[in-house]
Amino acid sequence: MKYIINGIEFDTEQRTLSYQNQTVLLEAKSFELLREFVNHPQQVLSRDKLIQRVWQGHVVSDGAVNKAISKLRQHFEQLQPNIEFIVTKPKFGYQLNFTAQLYEQSTAQCTHTKSLPIKKVFIICALLSAFSLAIYIFFTAQKKPNQNYTVNIERISAHDGLETNLSTSNNGQLLFLSSPTTNTPRQLILKSLDNNSEQNIPLDIQRLRFASLSPSGAFILWVSKDAQRCDIFRYDIASKIQQSVFNCDGMQNIRLSWQANEQAAFIRARENNASPYIIYQLSLTTKVLQQLSLPLQYAQMKGDFLLAAHPNKNQLAYVRYIESNLSDIHIIDTQNLDTLSVHSVDFMIDALNWSVTDDALYIADKKSLKRLDTNTGQTTHIKQFSYPIESIAVSTKAAQERILVSQYHASSSINQHQIATGKSVSIFSNAALNRLPRNYQEGMLFISDMGKEHALWRFEHEQLTRLNIPFEFGFARYDITHSGESLIFEKLGAVYEYNIVNKQLNKLINSNHQTYAVNYGNNNKEILYSSNKTGQWQLWLYNRDTKIHQQLTQLGGYSGYFHQGQLYFSKRHQSGLYALTKDKELLVIKDFSNINWLNWQLINGNIYFYRRGAGIWRYNISTKIEQQIMPEHARFIHQYHVSADEQTIIYVQLQPMQGDIQAITLR
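Looking at an unreviewed UniProt entry, one finds the protein named OmpR/PhoB-type domain-containing protein and attributed to Pseudoalteromonas holothuriae.

Spelled out as structure tokens, the structure:
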């Protein structure tokens, strides 16, 4: 049968969507989901119903449902961009946004042969079936890995420290930032990949945040930023003259990529550390800035967080955050802004860049380098490295393509600071990246990548144990009881509690509540969490006995604690710490950055928080006196935890990093 959904033809026999000479072949779950929506017009289908009908009642995670819904949305977006076909109904489920109309010409192909002899009808139908099978096999074959590579590796750099921020030109130049481990200042280095000669680019290295080499190799776009001002400059390498092209005040964490004709640049940026990334196009001639990405309904935690412009075509690739283990790669035409394709991968992408020889993207999944064919959607594994990949650049040498990869080896120690004496000592250190420590009476918990994935570990009485959680913990904020008996955390919008003593994991709140920044409430029977399920980030209180969710804030809330029955909280998009008194907000601490949502605490009437560049401070609610209790140490990464007796602080200190650049040639 065939249906028409807002002009798109849904063929249930061929399992395809077709629109204006474009056809998308649906994989099994996308087809079954769409068939359920079509068979239940105007109905909101809950997750439970979808699991029962599409997964036949098998136990699947909320992430599996999210991924399948996201994939179906991508198919529709590929045919009709910026139209919402599948609508999320918070607390209820999903609904098809259009009514599917049965196609008028509903007779099957074989029914047109009724006047023919039965033998001929059989032959025609058999041929048609064989033809359909051949088409199916062809499309299926396109999705299978069909290319094996011989990988040759060559080391490009030998600098002490770390090389990052790679970009290349079409004439064999490589630009990168060298950050030594000693007191030697950073350098922006331009290197010839033909003769290996290097030159130092004389920019203001203290203000430099990011730099990108133009396709011709004649210019460098770079971000100059400090606490007072942000500018994007274009630097002429030959004349050593630079000019300001854009004032980027109000933007943070900027990344740049040149348009192929060098008349424009693409900018990835966000307003602050709590807002999503957005992609913009900046005309270098008119200075006009245009937003390209992130419709409101996709404004997730990270937004569109990576970008890469094609070196030879008017195409841009950007990566959209969907979930912690799901990313979408959007390919758009930069002239008319049409979406050319959308590709979903089941991992978080760390870096990407275009091939210079064809329509492929090289992408990094932690330590793994992969190649994505943007025409077929096929992803092929290229190389597994020993350390994570920081950035990717692509060039050619002797008519062969070379993929340049910068890596880094990151590790961190967990230190303990005595508040009374001001002395600090290391209490745990290894070659892994150890983060987000939380202490309790007998020991501490922390997240580490010392295994194959980011997991939660316990360090107690000099014994190290991995907590038995049945999925990758990832880098997730969590709250722990003072006794260390249990902890709560958010995963894909749901709230879980893990009992460390009996090693049991329980789901307390379903993902449809879109939870974040979870804490225990007045007691362990209450869960305090933030959510944007009403369209804005607000704080909610969940009672585990009554199963009731109560909205607490009306003007914004992100992370909070109770003290003597009163709520103290921060906001996501606004600095300051607030108290809720008789449904009215009271500003308690003005100079309180929203970066504190990750670590701030309230203990016995004392608020502990971090000020960038200064360290950790204590504010007493009763006396309204604040004082600094720990200065910001070198390589401190604002992850800390104050003990329940308020005598010590454990914190994370990043160790000096090492890395290099490697060139990969595929044969």
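**Q** Honestly, the packing of helix α1 (residues 28-39) against helix α2 (residues 47-54) in this entry has me stumped. Any pointers?
**A** Pairs of packed helices are described in terms of their axes, by the angle between the two and the distance that separates them. Two numbers describe how α1 lies on α2: the axes approach to 10 Å, and their chain directions differ by 120°. Considering their axes alone, α1 and α2 lie oblique with respect to each other. The handedness of the crossing between α1 and α2 is right-handed. Two secondary-structure elements touch here, α1 through K29, E32, L33 and E36 and α2 through L50, R53 and V54. A breakdown of the residues in the contact of α1 with α2 according to their chemical character gives three nonpolar, no polar and four charged.

**Q** Hey, could you run me through the sheet that holds strand β32 (residues 424-429) in this one?
**A** The strand order β32-β31-β54-β53 describes an open sheet built from four strands, whose pairing is antiparallel. Two strands close off the open sheet at either side, each with one partner strand: β32 and β53 (636-642). Each strand axis lies, on average, 30° off the axis of its neighbour in the sheet, ignoring direction.

**Q** Would you mind going over unusual backbone geometry with me for this structure?
**A** Despite not being glycine, L436 shows a phi value in the positive range, around 50°. With respect to the helices, strands and loops of the structure, L436 is situated in strand β33 (residues 434-439). One non-glycine residue, A517, lies in the positive phi region at around 45°. Locating A517 in the fold gives a position in strand β41 (residues 515-520).

**Q** Looking at this model, I keep getting lost on the sheet that holds strand β1 (residues 2-5). Mind explaining?
**A** Across a sheet, strands are paired by hydrogen bonds formed along the backbone, either parallel or antiparallel in direction. Read across the sheet, five strands follow the order β4-β3-β2-β1-β7 without closing on themselves; strand pairing throughout is antiparallel. With one partner strand each, in any of the chains shown, β4 (22-25) and β7 (101-102) form the two edges of the open sheet. Both β1 and strand β2 (residues 8-11) contribute to a ladder of four bridges, which runs antiparallel. Counterpart to K2 in the pairing with β2 is D11. Together, β1, β2 and β3 (16-19) form the strand contacts of α1, whose direction differs from that of β2 by roughly 105°.

**Q** I'm lost on the packing of aromatic side chains in this one. Help?
**A** What characterises a pair of aromatic rings is the spacing of the ring centres plus the angle enclosed by the ring planes. Under the counting rule described, the total for this entry stands at 23 aromatic pairs. Following the ring pairs from residue to residue traces out a cluster consisting of F471, F473, Y478, F489 and Y496. The positively charged end of R268 is found above the aromatic ring belonging to Y277, 4.0 Å away from the centroid. Here the basic side chain of R611 rests over the ring of W617, its NZ or CZ set 4.8 Å away from the ring centre.

**Q** Would you explain the nonpolar core in this entry?
**A** Across soluble globular proteins, nonpolar side chains show a tendency to be buried alongside one another. Counting 28 residues, the largest nonpolar core has F10 and L34 as its most contacted members. Counting residues per element, the ones that place at least two in this core are β1, β2, α1, α2, α3 (62-79) and β6 (93-96). For this core, the element with the most residues is α3, which contributes six residues. With residues near it in sequence (within four places) discarded, F10 still touches M1, K2, Y3, I5, T16, L17, L26, F31, L34, R35 and V38.

**Q** Whenever I open this one, α2 confuses me. Can you help?
**A** An α-helical turn contains 3.6 residues, so a residue and the one three or four places further along point in the same direction. If you check which residues of α2 are buried, you get R47, L50, I51 and V54. Burial along α2 is one-sided: seen end-on, the buried residues are contained in an arc of 100°. Residues of α2 that are exposed and point more than 90 degrees away from the buried face comprise D48 and Q52. Q56 sits one or two residues past α2 and shows a positive phi near 55°.

**Q** Explain the confidence of the model for the protein here, please?
**A** Interpreting fine coordinate detail is not advised for predicted regions of low pLDDT. For the protein, the mean per-residue pLDDT works out to 87, and 90% of the residues sit at or above 70. With pLDDT under 50 throughout, residues 105-119 is counted as low confidence; its partners more than four residues away or in other chains account for nine contacts. pLDDT under 50 marks residues 135-146. Its contacts with residues more than four places away, or in other chains, come to six contacts.

Conventions we followed
- Residues numbered from 1 in each chain as written.
- Predicted model: local features only at pLDDT ≥ 70, side-chain atom pairs only at ≥ 80, totals over all residues.
- Heavy atoms only, no water.
- Axes fitted to C-alpha atoms, helices over the stretch in contact; angles between N-to-C directions.
- Helix = DSSP H or I, 4+ residues; strand = E, 2+ residues; numbered from the N terminus.
- Parallel < 35°, antiparallel > 145°, perpendicular 65-115°, else oblique.
- Left-handed = near helix turned anticlockwise from the far one by under 90°.
- Contact = heavy atoms within 4.5 Å.
- Nonpolar A, V, L, I, M, F, W, Y, C, P; charged D, E, K, R; others polar.
- Pairing = 2+ DSSP bridges.
- Phe/Tyr/Trp six-rings, centres within 6.5 Å; stacked < 30°, edge-to-face > 60°.
- Lys NZ or Arg CZ within 6 Å of the ring centre and 35° of its normal.
- Core = buried A, V, L, I, M, F, W, Y, C linked by side-chain atoms within 4.5 Å.
- Buried < 20%, exposed > 50% of the residue type's maximum accessible area, 1.4 Å probe, protein only.
- Arc of directions from axis to C-beta.
- pLDDT = per-residue confidence, 0-100.

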